[in-house]
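Chains, contacts and geometry: an overview
For reference, the chains in residue letters:
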Amino acid sequence: MISLQELEELYDAYVDTFRGGDGVLPPMMRLKREHTGHVVANARAIAAGEGFDGVTARVCEAAALLHDTGRYEQLRRYNTFRDSDSVDHAVFSRDIVVEKGWLDTCIGAGAQGSEDMPHSAADIRNAILVAVLVHNRRDVPDNLDPLTSAAVHTVRDADKLDIFRVLEHQISTTDWRHDCQAFWNLPVFAPPSPAVLDAIRADRPVDYQNIKTLADFVLIQVGWMICGLRYPTSRRLCAERGHLEFRRSFLHRLTDDPSVDELCAKADTFRT
Ligand SMILES: [Fe+2]
């Protein structure tokens, strides 16, 4: 079995090393720690909604806790969260988790392949590390064993669900009309780009290099609601939290392009 409490204590002791002399975590790091807490809660909700067994649920929560481990060191070393200007933060996260040896400490002797415990400690460790490693990838390998697959897709769904929350928080707390920095300096009042619309219409992931306007940025998340959430529980949580309605009305403030209603209507049909 895996001790989530012990793992969280080790994780938080690591995060504490990034606090300043006044004991305060830099604001961007504090936001990452809060994001991580939300992703763990989302992973727990998805595991419960999908009826995962106890071990699988714990593996999903552990992977959610660790998925952004590298963000703190990334910010300290490179002063950015932009992977293209620094490191792939998922690889960085996996490497730090391995180097710290947290999983060796927290995966107990109970996981020996008995009938009650169908997974070995090595299987559990591997599932968590793979989920951390591929959480930000456009494409995920499709030949994963069931435990790894559950961890991978739960973390990816849980992360997206919290990215929905973060966008809404940013919009409601920043002067997004004038503070272009909040959204990559993208043009604010501009229609979506054809390449983005084509990808979403074809149920394809959008290449980030095709993002040219703020509407593109928001529409990518509408695309996730069409084909980016793996589990019915994730789609239900998304619907309950009103994320599609928020994006539809926000997009109407940015552009009168009719594709907004077309794609939001398409996303509406994928609710559960
Ligand atoms: Fe991440």
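Look above for the structure.
These numbers come from a predicted model, not from an experiment. (Residues numbered from 1 in each chain as written. Predicted model: local features only at pLDDT ≥ 70, side-chain atom pairs only at ≥ 80, totals over all residues. Heavy atoms only, no water.)

Topic: the state of the cysteines
According to the stated counting rule, one finds 0 disulfides in the structure shown. Free of any disulfide, C60 has its nearest neighbouring cysteine sulfur in C106, separated by 17 Å. (Disulfide = S-S within 2.5 Å.)

Looking at the packing of helix α2 (residues 27-49) against helix α4 (residues 71-78)
Contact geometry for α2 and α4: axes closest at 10 Å, N-to-C directions at 165°. As summarised for this structure, α2 and α4 are arranged roughly antiparallel, according to the angle between their axes. The two elements α2 and α4 meet at a crossing, and its hand is right-handed. Where α2 approaches α4, its residues M28, M29, K32, R33 and T36 are matched on the opposing element by R71, Y72, L75 and R76. A per-class count over the contact of α2 with α4 returns 4 nonpolar, 1 polar and 4 charged. (Axes fitted to C-alpha atoms, helices over the stretch in contact; angles between N-to-C directions. Helix = DSSP H or I, 4+ residues; strand = E, 2+ residues; numbered from the N terminus. Parallel < 35°, antiparallel > 145°, perpendicular 65-115°, else oblique. Left-handed = near helix turned anticlockwise from the far one by under 90°. Contact = heavy atoms within 4.5 Å. Nonpolar A, V, L, I, M, F, W, Y, C, P; charged D, E, K, R; others polar.)

Some points on helix α8 (residues 146-173)
Helix length check: α8 (28 residues) gives 40 Å between terminal C-alpha atoms against 40 Å at 1.5 Å per residue, within 8%. Among the 28 residues in α8, 20 count as buried, and that is most of the element. Two or three places before L147, at the opening of α8, D145 has a side-chain oxygen 3.1 Å from that residue's backbone nitrogen. (Expected span 1.5 Å × (residues − 1). Buried < 20%, exposed > 50% of the residue type's maximum accessible area, 1.4 Å probe, protein only. Polar contact = N/O pair within 3.5 Å; in protein donor to acceptor, adjacent residues only side chain to side chain.)

Things to note about the side chain of T148
Among the structural elements, T148 can be located in helix α8. You can call T148 buried: its relative accessible area is 1%. Residues contacting T148, with those up to four places away along its chain left out, are N126, A127 and V130.

Describing the pattern of salt bridges
If you walk through the whole model with that rule in mind, you get 19 salt bridges. R33 serves as the salt-bridge partner of E8, at 3.1 Å between the closest nitrogen and oxygen. Remark: R33 occurs in helix α2 and E8 occurs in helix α1 (residues 4-16); sequence separation between them is 25 residues. Where D139 meets R138, a salt bridge forms, and the shortest distance between an N and an O atom there is 3.6 Å. One network of salt bridges, in which partners are shared, links E8, D12 and R33. (Salt bridge = Lys/Arg side-chain N within 4 Å of Asp/Glu carboxyl O.)

Considerations on the nonpolar core
Counting residues in hydrophobic clusters, the biggest one holds 82 residues, and the most contacted among them are L7, L66, L103, I128, L214 and L251. When residues are assigned to domains, this core turns out to be shared by domain 1 (4-156) and domain 2 (174-268), each giving three or more. (Core = buried A, V, L, I, M, F, W, Y, C linked by side-chain atoms within 4.5 Å. Domains from an automatic or database assignment.)

Thoughts on the packing of aromatic side chains
One pass over the full model with this rule turns up 10 aromatic pairs. Taken together, a centroid distance of 5.8 Å and an interplanar angle of 40° make the contact between F18 and Y72 tilted. You can see F18 sitting in the loop between α1 and α2 and its partner Y72 sitting in helix α4, a full 54 residues away along the chain. Across the pair, exposure class does not vary: F18 and Y72 are buried alike. Geometrically, the ring pair formed by F246 and F250 is stacked, given 6.3 Å between the ring centres and 25° between the ring planes. Here F250 and F246 lie together in helix α12 (residues 243-254), a separation of 4 residues that amounts to about one turn. For F246, a relative accessible area of 24% corresponds to the partly exposed category. A relative accessible area of 2% places F250 in the buried class. Aromatic ring contacts, followed pair by pair, group Y11, Y14, F18, Y72 and W102 into a single cluster. (Phe/Tyr/Trp six-rings, centres within 6.5 Å; stacked < 30°, edge-to-face > 60°.)

Purely geometric stuff here, so don't read any function into it on its own.
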